[in-house]
Amino acid sequence: MRDSAKAMLTGNAITTGYRISFLANYLMGAIYARVQADLGFNRAEAAILFCLAHMTPLSGIEIAEMTGRPRNSISPAVGKLVRLGMIVKEPAEQNRKIELLSLTGEGRAMSEKVVAYFVARERPMLEPLVSPADRELLDGLLARLIFRGDDWLDTTV
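If you're wondering where the values come from, they're calculated on a predicted model, not measured in any experiment. (Residues numbered from 1 in each chain as written. Predicted model: local features only at pLDDT ≥ 70, side-chain atom pairs only at ≥ 80, totals over all residues. Heavy atoms only, no water.)

What to know about the sheet that holds strand 3 (residues 99–103)
Argument step 1. On the basis of which strands lie adjacent, the open sheet formed by 3 strands has the order 1-3-2 and antiparallel pairing. Strands at the two margins of the open sheet, each flanked by one partner only, are strand 1 (58–59) and strand 2 (87–91).
Argument step 2. Both strand 1 and strand 3 contribute to a ladder of 2 bridges, which runs antiparallel. By the bridge assignment for strand 3, Ser-59 is matched with Leu-100. (Pairing = 2+ DSSP bridges. Helix = DSSP H or I, 4+ residues; strand = E, 2+ residues; numbered from the N terminus.)

Written out as structure tokens, the structure is:
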């Protein structure tokens, strides 16, 4: 790493936030680039497959919330995945205006490939945290920042 990058990561107005963003960019940027090159799915498409691999069915709104992606990036990605036969849309029973997304068999197989990219990239990032206690501490601190009682995540406030 260049000295200028080290300096920026240790001395700026938002060092913690900048470090989190730095890690996220190097983690997620590399994953999405590989998924695009190898599998042909862009960031939004890969994010949908990732989310549906872990929880299904989901609405597009739920996926946008889970990923922090704008809703208008999810809709075209859903359309492509439906056309490719990776996912299906069904109206929600409680509100027929809401469409729920689920993986098809082919989509499940593809989502497993997508998830493997995430797992493979995260593993070396966490290698310096050699003890389970270190990893649990990081996980706990991140959870405290995310799962909080205020409206910090609501960007409309």
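Read on for the rest.
A short note on helix 3 (residues 43–54)
Argument step 1. With 12 residues, helix 3 ought to run about 16 Å at 1.5 Å a step, and its terminal C-alpha atoms sit 17 Å apart, in line with that.
Argument step 2. Within helix 3, the full set of buried residues consists of Ala-44, Glu-45, Ala-46, Ala-47, Ile-48, Leu-49, Cys-51 and Leu-52.
Argument step 3. For helix 3, the capping residue at the N-terminal end is Asn-42, with a side-chain oxygen 3.1 Å from the backbone nitrogen of Ala-44. (Expected span 1.5 Å × (residues − 1). Buried < 20%, exposed > 50% of the residue type's maximum accessible area, 1.4 Å probe, protein only. Polar contact = N/O pair within 3.5 Å; in protein donor to acceptor, adjacent residues only side chain to side chain.)

Focus: the packing of helix 2 (residues 15–39) against helix 6 (residues 105–126)
Two numbers describe a pair of packed helices, the interaxial angle and the distance between the axes.
Argument step 1. For the pair helix 2 and helix 6, interaxial distance at closest approach is 10 Å and the crossing angle is 145 degrees. Crossing angle aside, the handedness with which helix 2 passes helix 6 is right-handed. Contact residues: Leu-23, Tyr-26, Leu-27, Met-28, Ala-30, Ile-31, Tyr-32, Arg-34, Val-35, Asp-38 and Leu-39 in helix 2; Met-110, Lys-113, Val-114, Tyr-117, Phe-118, Arg-121, Glu-122 and Met-125 in helix 6.
Argument step 2. Among the residues forming the contact of helix 2 with helix 6, the class breakdown is 14 nonpolar, no polar and 5 charged. (Axes fitted to C-alpha atoms, helices over the stretch in contact; angles between N-to-C directions. Left-handed = near helix turned anticlockwise from the far one by under 90°. Contact = heavy atoms within 4.5 Å. Nonpolar A, V, L, I, M, F, W, Y, C, P; charged D, E, K, R; others polar.)

Brief notes about the nonpolar core
Soluble globular proteins tend to bury their nonpolar side chains together.
Argument step 1. With 26 residues, the main nonpolar core has Ile-48, Leu-49, Leu-52, Ile-63 and Ile-87 as its most contacted residues.
Argument step 2. Secondary structure elements with two or more residues in this core: helix 2, helix 3, helix 4 (60–67), helix 5 (71–83), strand 3 and helix 6.
Argument step 3. Residue contributions to this core peak at 7 residues, all from helix 3. (Core = buried A, V, L, I, M, F, W, Y, C linked by side-chain atoms within 4.5 Å.)

What to know about the pairing of strand 3
Argument step 1. As defined by bridge partners, strand 2 adjoins strand 3 across 5 bridges and the pair is classed as antiparallel. Its bridge partner lying in strand 3, Ile-87 is registered against Leu-103.

A few points about the packing of helix 3 against helix 5
Argument step 1. Two elements in contact, helix 3 and helix 5, have axes separated by 8 Å at closest approach and are oriented at 75 degrees. Relative to helix 5, the element helix 3 lies roughly perpendicular. Residues Ala-44, Glu-45, Ile-48 and Leu-49 of helix 3 form the contact with helix 5, whose participating residues are Ser-73, Ile-74, Ala-77, Val-78, Lys-80 and Leu-81. (Parallel < 35°, antiparallel > 145°, perpendicular 65-115°, else oblique.)

Considerations on the side chain of Ser-102
Argument step 1. Residue placement: Ser-102 occurs in strand 3.
Argument step 2. Within the local environment of Ser-102, its side chain forms a polar contact with the side chain of Thr-56, the two groups lying 3.4 Å apart.
Argument step 3. Once residues within four sequence positions are removed from consideration, Ser-102 is found in contact with Leu-52, Thr-56, Pro-57, Met-86, Ile-87 and Val-88.

Quick look at the side chain of Ser-111
Argument step 1. Relative to the elements of secondary structure, Ser-111 occurs in helix 6.
Argument step 2. The buried category is assigned to Ser-111, whose relative accessible area is 0%.
Argument step 3. A distance of 2.8 Å separates the side chain of Ser-111 from the backbone oxygen of Arg-108, its partner in a polar contact.
Argument step 4. In this structure, Ser-111 is in contact with Leu-49, Ala-53 and Leu-103, ignoring residues within four places of it in sequence.

Any functional reading would require information beyond the geometric quantities listed.
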